[in-house]
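An overview of the molecular structure
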Amino acid sequence: MNILLTGLITPMISAMIPRLQRNAHHVTISAAGLYEVDENKAPNKTKRITKEVQKILQGKRYQALIFFYAYQCEETMDDVSVQGTMLDDLFEYQQAAAQHGVKHFILITDQRVFGSVQDLAESQAPAPDTSAGILIKAAEDYLLSSGADGVEKLIIRVTNLYMPGQQDAFFSRALICAQNNEPMLIEATEETPCDFLHADDLAQCICLAIESDISGIVNLAYEDQSTYKSAINLVLKHLPGLTVTYSGKSERYESLKTSQAVKRLDWVPRHHWMQELGEILAVDDEKLQKRNPLHVLTNQGSRLLNKMIPWIELVLFGGLAFWLTSISKVYANFRIADYWLFYPILMGSLHGGPIGIAAGLIACAFFGLDWVREGNDLYRLLYNIDNWLPLMMYMLAGGLFGYMHDKTNERMKMLEEEMREHDAKTKFMENMYKQASEDSVLLQKQVLNNRDSFGRIFNITMELESMQPEQVYLSTLNVLEDTMQNHSVAIYSRSGYTSYARLAASSPKYGGKLSKSLDVAQFPL
């Protein structure tokens, strides 16, 4: 099925595409009326890209259109002007969908459509008390009142969406406040219910809703019955420096509850934000630190210092070797060792071949200096090969031990690269196994729950075989009514080779008359 995504498209929504594609859907993101996150600004600060809506729907046959209108339930992170402009886009897309044969139109909104003291049930008429809630209600009312145009319209209300590795309102704001040493203001009380839903679970629900042709309004939540106090306590374990203040207003007595219609689709959330909190904050922390100017300067200074350390050690250890050589002329006990030979050995072992050879050259230079200071002619050192032995030993020691250091490092890098490749393959296989397992369970449920599937018929047959004989007729009657979608079923039982069959069970709502017995000979076919 070809699916078009549009509306408030952030990287978190784009990350839902693999789930949709795994369910045999071809997904396209529209550039018309698109609102995408500007990475240089705070989360949910967006910019709009305009284009002809009609041209997009004319170019390709789409069976489903998903319009993301709102999915973050924090007023402080919301840009109301964006939602106001999206009402025009919603009107254009709805009209274009009716004209170009789109079968499913799904509108994604959130629980802000309800007032702060309302019961968040789908049967209750929303009475919003915030500017964002009023705009969300206007979008829902327009879609529901657009009339019968052949398009199945579905509204899915969600709580706060999140996905590890992507920006979101609540967790990203907590991380930014902790890094900037600013208090995090929550427009609620400590006991206000809150809930966080993984974007992949929303994508799974959308796939099931499209396959089952659901229309109307459904609510979607994880339903872990958390409060802001318990959520912040868990966040503080990862961000101990975070300070939180509560406004005490907009108190909500209940959180969104998943609709019975969604539960009948066998929708079960696979993710829980409490278990993924460390991954959420760790990834976001890495991203925000990359954008922090102070962190960038610190990284640059650290890299520069790491490059200068070998040369600083070259100078320091060279001075140490010069000092030890100087005092060896005064104290006889120090004359038993050549400290300039130790110098290139040490530097080559610590920093590799180039630094070792540089240390050997420095040792040769100081050896020549000592040769001249002792009253010898320099040309005798250069032209007499017998005097080259110390110089050759310095260069050989620096190069040899440097080579050994470089060879060891190269082997370590090769092992680390092999380990990374092995870990990547292992992670890939684990993800493949996890996805295959999830898809297998989902496919099995779809096969067994599909009205016309052989898997469901087999399941029913096995169930009938395990029943008592007197219950088989009634169960078979219920199955036939459900499969044939009518209430005009009668089951006759014939024993042996007699031509008469006796009425065993019949639909209670059948209005006609049924004979208690039936002559099978009258129905040769």
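Quick caveat, the model's predicted, so the values are computed rather than measured.

Here is a general trend for soluble globular proteins: nonpolar side chains tend to be buried in one another's company. Counting 62 residues, the largest nonpolar core has Phe68, Ile156, Leu202 and Ile206 as its most contacted members. The leading source of residues in this core is helix α7 (residues 199-212), at nine residues. Setting aside residues no more than four positions away along its own chain, Ile206 makes contact with Met16, Leu20, Ile66, Ile106, Ile108 and Ile156.

As a further point, take helix α13 (residues 353-373). Between its terminal C-alpha atoms α13 stretches 30 Å, which fits the 30 Å expected from 21 residues at 1.5 Å a residue. Three or more residues of α13 are buried, namely Gly353, Ile355, Gly356, Ala358, Ala359, Gly360, Ala363, Cys364, Gly368, Asp370 and Trp371. At the exit of α13 stands Gly375, carrying a positive phi of roughly 95°.

This part is about a nonpolar patch on the surface. Together, Leu304, Leu305, Met308, Ile309, Ile312 and Leu316 line one region of the surface with nonpolar side chains, adding up to about 540 Å² of accessible area. Within the secondary structure, Leu304 is located in helix α11 (residues 293-328). Among the residues examined, Leu304 registers a relative accessible area of 52% and is labelled exposed.

Another point: the sheet that holds strand β16 (residues 500-506). The strand order across the open sheet formed by three strands is β15-β16-β17, and the pairing between neighbours is antiparallel. The two strands at the open ends of the sheet, each matched to only one other strand, are β15 (490-493) and β17 (517-519). On average, each strand axis in the sheet is inclined to that of its neighbour by 40°, with strand direction left out of account. Note that β15 and β16 share four bridges and pair antiparallel. Bridged to Ile491 within β16 is Ala505.

To continue, consider the confidence of the model for the protein. Overall, the prediction assigns the protein a mean pLDDT of 80, with 84% of residues at 70 or greater. Here residues 36-50 is a poorly scored stretch, pLDDT under 50, and it has 39 contacts once near neighbours within four places are set aside; other chains count.

Once that is clear, we can look at the packing of aromatic side chains. Enumeration according to the criterion identifies 16 aromatic pairs in this entry. Measuring from centroid to centroid gives 5.8 Å for Phe170 and Tyr228, while their planes differ by 45°, and the two rings are tilted. Note that Phe170 is positioned in helix α6 (residues 170-179) and Tyr228 in helix α8 (residues 228-238), a separation of 58 residues in sequence. Here Phe170 falls in the buried class, since its relative accessible area comes to 1%. Among the aromatic residues, those joined into a cluster by ring pairs are Tyr162, Phe170, Phe171, Phe196, Tyr228 and Trp273.

The next thing to look at is unusual backbone geometry. In this structure, Asn181 is a non-glycine residue whose phi angle is positive, near 55°. Assignment of secondary structure puts Asn181 in the loop between α6 and β9 (184-186). We note that Asp213 has phi near 55°; this positive angle belongs to a residue other than glycine. Since its relative accessible area comes to 37%, Asp213 is described here as partly exposed.

A few words now on the pattern of salt bridges. On inspection of all chains with the given rule, the structure shows seven salt bridges. In this structure, Arg157 engages Glu140 in a salt bridge whose closest nitrogen and oxygen atoms are separated by 2.8 Å. Within this pair, whereas Arg157 is found in strand β7 (residues 152-158), its partner Glu140 is found in helix α5 (residues 131-144), the two being separated by 17 residues in sequence. On the basis of relative accessibility, which here comes to 2%, the residue Glu140 falls in the buried class. Between Arg373 and Asp370 there is a salt bridge; the shortest N-O distance is 3.9 Å. Separated by three residues within a single helix, Arg373 and Asp370 lie in helix α13, roughly one turn from each other.

Definitions and cut-offs
Residue indices follow the written sequence of each chain, beginning from 1 at its first position. Only residues with pLDDT of 70 or above have their local features reported here, since the model is predicted, and side-chain atom pairs are shown and tallied only from 80 upward, although totals for entire chains, interfaces and linings are computed over all residues. The basis for the side-chain values is all heavy atoms of the structure; hydrogens and waters are excluded. Put simply, buried Ala, Val, Leu, Ile, Met, Phe, Trp, Tyr and Cys residues joined by side-chain atoms within 4.5 Å make one nonpolar core. Buried, partly exposed and exposed residues are distinguished by accessible area as a fraction of the type maximum, computed with a 1.4 Å probe on protein chains only: under 20%, between the cut-offs, and over 50%, respectively. Secondary structure elements follow DSSP: runs of H or I no shorter than four residues count as helices, runs of E no shorter than two count as strands, and numbering proceeds from the N terminus. By definition in these notes, contact holds between two residues if any of their heavy atoms fall within 4.5 Å. In this analysis, the expected span of each helix is defined as 1.5 Å times one less than the number of residues it contains. Put simply, a patch holds well-exposed residues, over 30% relative accessible area, that have no salt bridge, with like charges counted together within 9 Å and Val, Leu, Ile, Met, Phe, Trp or Tyr side chains within 5 Å. Accessible areas in this description were obtained via Shrake-Rupley with a 1.4 Å probe; residue shielding takes into account the shown protein chains only. The term salt bridge refers to a side-chain nitrogen of Lys or Arg lying within 4 Å of a carboxyl oxygen of Asp or Glu. By definition, two strands form a pair when at least two bridges between them are found by DSSP. Axis lines are fitted to C-alpha atoms, over the contacting stretch for helices. Their N-to-C directions set the angle, which ranges from 0 to 180 degrees. The quantity known as pLDDT measures the predictor's confidence residue by residue, on a range of 0 to 100. Aromatic pairing here means that ring centres of Phe, Tyr or Trp (its six-membered ring) are within 6.5 Å. Orientation follows from the plane angle: under 30 degrees is stacked, over 60 is edge-to-face, and everything else is tilted.

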